Amino acid sequence: MNQLAEGSTRTLADRVFSRLQDDIVRGEIPPGSKVSETELAGRYGVSRGPLREAIRRLESRKLLEREVHVGTRVASLSFEDLIEIYYVREALEGQAARLAAERMTDQEVAGLHRVLAQHEQQQDIREDTAYFQREGDLDFHYRIIQGSHNRTLIRMLIGELYHLVRMYRYQFSTTANRPQKALHEHRRIVEAIEARDAEMAELLMRRHIGRARENIEQQAQRSPQ
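Reference entry: report on the structure contained in this document.

Reading guide: rules and limits
- Residues numbered from 1 in each chain as written.
- Predicted model: local features only at pLDDT ≥ 70, side-chain atom pairs only at ≥ 80, totals over all residues.
- Heavy atoms only, no water.
- 1 Å grid on protein atoms, 1.4 Å probe; cavity = no way out; pocket = protein on both sides within 12 Å on 5 of 7 lines; lining within 4 Å.
- Points joined across faces, edges and corners; volume = space filled by probe spheres on them.
- Helix = DSSP H or I, 4+ residues; strand = E, 2+ residues; numbered from the N terminus.
- Phe/Tyr/Trp six-rings, centres within 6.5 Å; stacked < 30°, edge-to-face > 60°.
- Lys NZ or Arg CZ within 6 Å of the ring centre and 35° of its normal.
- Axes fitted to C-alpha atoms, helices over the stretch in contact; angles between N-to-C directions.
- Parallel < 35°, antiparallel > 145°, perpendicular 65-115°, else oblique.
- Left-handed = near helix turned anticlockwise from the far one by under 90°.
- Contact = heavy atoms within 4.5 Å.

## Quick word on empty space enclosed by the protein
Leftover empty space is mapped by rolling, across the atoms, a probe with the size of a water molecule.
Part 1 of the reasoning: In the structure shown here, the tally under the stated rule is 1 cavity of 30 Å³ or more.
Part 2 of the reasoning: Within this model, the largest cavity holds a volume of roughly 270 Å³.
Part 3 of the reasoning: Secondary-structure elements contributing two or more residues to the lining of the largest cavity are α4 (79-103), α9 (162-172), α10 (178-194) and α11 (198-222).

The structure is reproduced here in structure tokens:
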């Protein structure tokens, strides 16, 4: 049994929530799969109370969805919906990068460098097997969107689909040789932002997300129908 440590200052529900969210984002509990409270309680070594609270919070983040007469499942997007979202991301996050180059403070740019420095130390990135970014300020894309200082863009890109898209971002980043390439692309985007080259920052972000979309399309083509 993989039990959660009891000594943390966080509540037990917080810890269950964090573990369950990570397992979903990493694909250890795959999209579309049905979740069993009994199995999850055994998996994390907790009672039903904190587990149900964690499940409710993940439903609000759109990572879990409850279906009448079916139960709770891990949310999933169709291939077509996912590709459509990536086209939208390409346009909107490109604009966010342009604005970030114009509006981010020097302190915020330094924060981007610190985040990438942390990412470089991750074992999965060093081994070029996966690129797992935690949510919020530890997420490179999240920081740039916030750095645009455009409330509409922030609302559109860090809204209800943020956590669901983050799940697919991680799972498709496990393609061989993609994590190191993605990290290199991130570095170049930060260089453009730091140089206050808005046009280049937008171009590099659009290319970065476009390559991620192409990676998804190629994997889909290789998958058995």
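Back to the write-up after that little detour.
## Thoughts on the packing of aromatic side chains
Part 1 of the reasoning: Summed over all chains, the structure comprises 3 aromatic pairs.
Part 2 of the reasoning: Here the aromatic rings of Y168 and F172 are separated by 6.4 Å at their centres, their planes lie at 20 degrees, and the arrangement is stacked. Taken together, the residues span about one helical turn, with Y168 and F172 both in helix α9 at a distance of 4 residues.
Part 3 of the reasoning: For the cation-ring pair, R57 lies above F17, with the distance from its terminal atom to the ring centre recorded as 4.0 Å.
Part 4 of the reasoning: Residue placement shows R89 over the ring face of Y86; its charged tip is 4.9 Å from the ring centre.

## Regarding the packing of helix α7 (residues 140-147) against α10
Part 1 of the reasoning: Axis separation between α7 and α10 bottoms out at 12 Å; the angle between their running directions is 20 degrees. The angle between α7 and α10 places the two elements in the roughly parallel class. Read as a crossing pair, α7 and α10 show a hand that is left-handed. Judged by residue contacts, F140, H141 and I144 of α7 engage H186, I189, V190 and I193 from α10.

## Quick look at unusual backbone geometry
Trans is the prevailing form of peptide bonds, just as negative phi is the prevailing case for residues other than glycine.
Part 1 of the reasoning: Unusually for a residue other than glycine, H149 sits at a positive phi of about 55 degrees.
Part 2 of the reasoning: Within the secondary structure, H149 is located in the loop between α7 and α8 (151-157).
Part 3 of the reasoning: A positive phi angle is found at R196, which is not glycine, with a value near 60 degrees.
Part 4 of the reasoning: The residue R196 is located in the loop between α10 and α11 in this model.

## Structural notes on the layout of surface pockets
Part 1 of the reasoning: As a volume, the largest pocket reaches approximately 260 Å³.
Part 2 of the reasoning: Forming the walls of the largest pocket are 15 residues, and the residues nearest its centre are R89, M156, L157, L161 and V165.
Part 3 of the reasoning: Those elements that provide at least two residues to the lining of the largest pocket are α4, α7, α8 and α9.
Part 4 of the reasoning: For the lining of the largest pocket, the leading source of residues is α4, giving 5 residues.

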